[in-house]
Amino acid sequence: MKKHVVLYKKLSAQLMDRLQAQAKVTLIENLDAQGLAQLRTALPSAHALLGASLKLDPSLLDLAPHLEAIASVSVGVDNYDIDYLTERRILLTNTPDVLTETTADTGFALILATARRVVELANLVRAGGWQQSIGPRHFGSDVHGKTLGIVGMGRIGEALAQRGHFGFGMPVLYHSHSPKPAVEQRFNARYCDLDTLLQQADFICLTLPLTAETEDLIDARAFAQMRPDSIFINISRGKVVDEAAMIDALRNGQIRGAGLDVFEREPLDPVSPLLQMDNVVATPHMGSATHETREAMARCAVENLLAALAGERPANLVNPGAWKR
Ligand code: DGY
């Protein structure tokens, strides 16, 4: 008998065909109240789940006694209680690598948009405010040659360093668990402690995962270290930052601006003070959101899931402790 897979993210027709050839599939199209009710109904017979952007708490997963695998269509796994999954021997997989370059592109888009005030000035033109050649009041700051500070030198951090070093001639500072000699050699990057990075970098870019250790890592104390001409970029997770402290830092001129793709609560509240600030570029958690990359992520997740259901070790297993065959 075919196993039951519950999708809470729509797949392309091609991937859906692939999955349906191997499994009975229930698709939950929206994660609204009705969709969540459908999910609760489907969980008791589910062998596997595939989707993203949903916090799968143990209280929900307790409804799924037959669950063998969860294929997350994301690289981040902060929506899952990994200890709980491992204890229950539920395999969790993610989609690393395929989104690295696209997410680094987003990081650079935010760097450029914030430093050169692209959104603010484009809005000025749209509103008919371009009456004469712009003056210092509307000037931005250079990106090339400035110091790029990367907090969290994983795959996406490296891709950002590559762009900064080779494309924009930027000296690269980084902070991560431990120094990475290969990165230092490739990008002429310098490892330093977090405070040094916050004090010296022109662009402070977060690319690290959300864990118990990184939650609220960038707090009021951290913002106080930054220079008033520095620009803060977050493409990791909103909860790595104390958002209220960031709002204060922006209001008080402790930093020049911020380019933000992620927020403490998503979607961002339309009345957030961040949306009133001209020096903030806010985007809707779109780091990996291109047609090509989202399809590649979905394909990766489907392959992980089919491997798990076939009793094979999936390529992107997050919790190897759950693999005890
Ligand atoms: C990821 O893959 O983790 C992206 O942030 C989308 O959630």
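Refer to the structure above for everything that follows.
Treat the numbers as computed from the prediction; the structure is a model and nothing was measured. (Residues numbered from 1 in each chain as written. Predicted model: local features only at pLDDT ≥ 70, side-chain atom pairs only at ≥ 80, totals over all residues. Heavy atoms only, no water.)

Q: Can you help me understand the packing of helix α5 (residues 100-115) against helix α7 (residues 155-168) in this one?
A: Each pair of packed helices gets described by two things: the angle between the helix axes and the distance between those axes. At a minimum axis distance of 8 Å, the contact between α5 and α7 shows a crossing angle of 55°. Classified by the angle between their axes, α5 and α7 sit oblique to one another. Two packed elements cross with a definite hand, and for α5 against α7 that hand is right-handed. Counted together, Thr100, Glu101, Thr103, Ala104, Asp105, Gly107, Phe108 and Leu112 of α5 and Arg155, Ile156, Ala159, Leu160, Gln162, Arg163, Gly164 and Phe168 of α7 form the full contact between these two elements. Partitioning the contact of α5 with α7 into residue classes produces seven nonpolar, five polar and four charged. (Axes fitted to C-alpha atoms, helices over the stretch in contact; angles between N-to-C directions. Helix = DSSP H or I, 4+ residues; strand = E, 2+ residues; numbered from the N terminus. Parallel < 35°, antiparallel > 145°, perpendicular 65-115°, else oblique. Left-handed = near helix turned anticlockwise from the far one by under 90°. Contact = heavy atoms within 4.5 Å. Nonpolar A, V, L, I, M, F, W, Y, C, P; charged D, E, K, R; others polar.)

Q: Before we go on, may I ask you to explain the side chain of Thr93 in this structure?
A: Looking at the element boundaries, Thr93 is found in strand β5 (residues 91-93). For Thr93, a relative accessible area of 3% gives the class buried. Apart from residues lying up to four places away in sequence, Thr93 is in contact with Ile70, Ala71, Ser72, Asn304, Pro314, Asn316, Leu317 and Val318. (Buried < 20%, exposed > 50% of the residue type's maximum accessible area, 1.4 Å probe, protein only.)

Q: Before we go on, may I ask you to explain α5 in this structure?
A: Each turn of an α-helix holds 3.6 residues, which means side chains three or four residues apart point in the same direction. Compared with the 22 Å implied by 1.5 Å per residue over 16 residues, the 23 Å span of α5 between its first and last C-alpha is a close match. Burial of α5 is extensive: 12 of the 16 residues sit out of reach of the surface. Turning to α5, its buried residues are Thr100, Thr102, Thr103, Ala104, Thr106, Gly107, Phe108, Leu110, Ile111, Ala113, Thr114 and Ala115. Note on α5: the residue one or two positions beyond its end, Arg117, has a positive phi of about 55°. (Expected span 1.5 Å × (residues − 1).)

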